[in-house]
Amino acid sequence: MRIKVITSNPGKMREYAQALEGLGLDVFQGSVPYDEIQADTLEEVVSHGMRGLMMSEDSFIIDDSGLFIDHLNGFPGVYSAYALKTLGNQGVLKIMDGVSERDARFECCIGCKLPGKEPFIVSASCEGAILDAPRGEGGFGFDPIFSSDGVRSFSELGMDEKNAISHRGQAVKKLVQRIKSVEDL
Ligand code: IMP
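Anyway, here's the lowdown on the structure attached to this text. The numbers attached to residues start from 1 for each chain and follow its sequence in the written order. Reporting of local features is limited, given that this is a predicted model, to residues whose pLDDT is at least 70; pairs of side-chain atoms are given and counted only at 80 or more, and all residues count toward the totals for whole chains, interfaces and linings. Computation of side-chain values: all heavy atoms of the structure, hydrogens and water removed.

1. Section: the nonpolar core
As a rule of thumb, soluble globular proteins bury nonpolar side chains together.
Consideration 1: Here, the term nonpolar core denotes a set of buried Ala, Val, Leu, Ile, Met, Phe, Trp, Tyr and Cys residues that are joined through side-chain atoms within 4.5 Å. Categorising residues by exposure relies on relative accessible area from a 1.4 Å probe, with only protein chains included: less than 20% of the type maximum marks a residue as buried, more than 50% marks it as exposed, and the intermediate range marks it as partly exposed. Among the nonpolar cores identified, the biggest contains 20 residues, and Tyr 16, Ile 61, Ile 110, Cys 112 and Leu 175 are the most heavily contacted of them.
Consideration 2: The helix and strand labels rest on DSSP assignments: H or I over at least four residues marks a helix, E over at least two residues marks a strand, and numbering proceeds from the N terminus. Mapped by element, the contributors of at least two residues to this core are β1 (2-6), α1 (10-20), β4 (103-113), β5 (120-130) and α6 (167-182).
Consideration 3: For this core, the leading source of residues is α6, giving five residues.
Consideration 4: Excluding its chain neighbours within four sequence positions, the residues that come into contact with Ile 110 are Tyr 16, Val 46, Ile 61, Ile 62, Asp 63, Phe 120, Ile 121, Val 122, Ala 171, Val 172 and Leu 175. Contacts are assigned to residue pairs with any non-hydrogen atoms lying within 4.5 Å of each other.

Following this line, the structure appears as structure tokens:
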């Protein structure tokens, strides 16, 4: 089965391709503009986006993710893309300078519509902490400043390692289970 992942983020796309490789799901990147509302939760953003896309698209996957920092009451959360663009990782580290409470989590919410089937949403999160300084060259977005084991940043993990534990990797596992329950892969 071929399915379009609607994203403009090549880092996300690489993770989808890697995570779904060999599972009978052939994903390709598509860029279809859709409305991303400001809402309190990733689920609301995804659900609104799906309603709009379903007017023109028969099947697709969309992904909305974010970094939620406990000390900042969940900021940047649903504002993660904006925060990365304006503050960057250095800006986040500056806000967190001297803060001992560094717990954070990534959340990933995936919306999926298959041909002739009801749309559905799956979500997962990955607990971790904000590092004191950026580390590593791989990955994308906030990866250099987030660690799930307190030692290595997500940027220092291979993509297989990141997919095995990350918010997106776990959400993709749920996605595959849901797809398998309605389609022969
Ligand atoms: P969006 O889902 O594309 O809106 O992502 C929000 C922001 O979080 C973007 O700036 C992404 O780069 C960042 N982001 C999403 N997923 C990840 C991830 O797995 N690692 C690091 N940053 C991420």
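2. Structural notes on the pattern of salt bridges
Consideration 1: We define a salt bridge as a contact between a side-chain nitrogen of Lys or Arg and a carboxyl oxygen of Asp or Glu at a distance within 4 Å. All told, the structure shown has twelve salt bridges when counted by the stated rule.
Consideration 2: One salt bridge in this structure joins Glu 156 and Arg 135, with 3.3 Å as the shortest N-O distance. Within this pair, whereas Glu 156 is found in the loop between β6 (146-147) and α5 (159-165), its partner Arg 135 is found in the loop between β5 and β6, the two being separated by 21 residues in sequence.
Consideration 3: Among the residues examined, Arg 135 registers a relative accessible area of 33% and is labelled partly exposed.
Consideration 4: Arg 152 is the salt-bridge partner of Glu 161, the closest N and O atoms lying 2.8 Å from each other.
Consideration 5: On the basis of relative accessibility, which here comes to 35%, the residue Glu 161 falls in the partly exposed class.

3. A look at the packing of aromatic side chains
Consideration 1: Planes of paired rings set the category: under 30 degrees apart is stacked, over 60 is edge-to-face and the rest tilted, where pairs are Phe, Tyr or Trp rings (Trp by its six-membered ring) whose centres lie within 6.5 Å. Scanning all chains against the criterion turns up three aromatic pairs.
Consideration 2: Measuring from centroid to centroid gives 5.0 Å for Phe 146 and Phe 154, while their planes differ by 65°, and the two rings are edge-to-face. As far as the burial class goes, Phe 146 and Phe 154 line up, both buried.
Consideration 3: Three or more aromatic residues joined by ring pairs form one cluster here, namely Phe 106, Phe 146 and Phe 154.

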